[in-house]
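Coordinate inspection notes
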Amino acid sequence: LESQNPCIGMLEWDEFEMDEMIIPEHSRILLYSDGAFEIQKSDGETWTFQEFVDFVSVPDSTEENVMDRLIRHVWQLNGGPTLDDDFSIMEIRL
């Protein structure tokens with residue numbers, strides 16, 4: 001089936017912005033849904049986007065990569081592994 005109205009999630013958009021850029025070697029790209037950072041913390045607050053960015057911006061250690069650290073941290077913030085929203089994230093390393 002071909003959709004007449006492109007959607008992302010539940011929202012319909014008629015136009016999408018496009019751009020191009022050269023990504024330097026040894027960069028990483030994170031593609032994620034809003035559920036990767038809109039985490040309900042056990043204290044009732046929501047983890048902010050800036051807190052998410054600050055967390056994933058820390059370089060990997062020799063023992064553990066950002067994805068392993070992130071899921072462990074999110075489960076700790078949430079008080080367990082059952083989240084309120086999807087948690088979708090993909091890391092691409094160049």
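Keep in mind that what you see is a predicted model, and the values were worked out from it rather than measured.

1. Digging into a nonpolar patch on the surface
Taken together, Met-21, Ile-23, Leu-31, Met-90, Ile-92 and Leu-94 make up a surface patch of nonpolar side chains, about 570 Å² in accessible area. Examined against the element boundaries, Met-90 turns out to sit in strand β4 (residues 89-93). By relative accessible area, Met-90 is classed as partly exposed at 45%.

2. As for the nonpolar core
Counting 13 residues, the largest nonpolar core has Ile-39, Trp-47, Phe-52, Phe-55, Val-56, Leu-70 and Val-74 as the members making the most contacts within it. If you list the elements that add at least two residues to this core, you get α1 (49-56) and α2 (66-78). Broken down by element, this core gets its largest block of residues, 5 residues, from α2.

3. Description of the side chain of Lys-41
Along the chain, Lys-41 turns up in the loop between β3 (28-32) and α1. It turns out Lys-41 is buried and unbridged, and the closest side chain with the opposite charge, Glu-51, is 4.1 Å from it.

4. Some points on the side chain of Arg-69
Looking at the element boundaries, Arg-69 is found in helix α2. With residues up to four places along the chain from it excluded, the contact list for Arg-69 reads Phe-55, Val-58, Pro-59, Asp-60 and Glu-64.

Definitions and limits used
Residues numbered from 1 in each chain as written. Predicted model: local features only at pLDDT ≥ 70, side-chain atom pairs only at ≥ 80, totals over all residues. Heavy atoms only, no water. Patch = residues over 30% accessible without salt bridge, like charges linked within 9 Å, V, L, I, M, F, W, Y side chains within 5 Å. Areas by Shrake-Rupley, 256 points an atom, 1.4 Å probe, with all protein chains shown as cover. Salt bridge = Lys/Arg side-chain N within 4 Å of Asp/Glu carboxyl O. Helix = DSSP H or I, 4+ residues; strand = E, 2+ residues; numbered from the N terminus. Buried < 20%, exposed > 50% of the residue type's maximum accessible area, 1.4 Å probe, protein only. Core = buried A, V, L, I, M, F, W, Y, C linked by side-chain atoms within 4.5 Å. Lys, Arg positive; Asp, Glu negative; His and termini not counted. Contact = heavy atoms within 4.5 Å.

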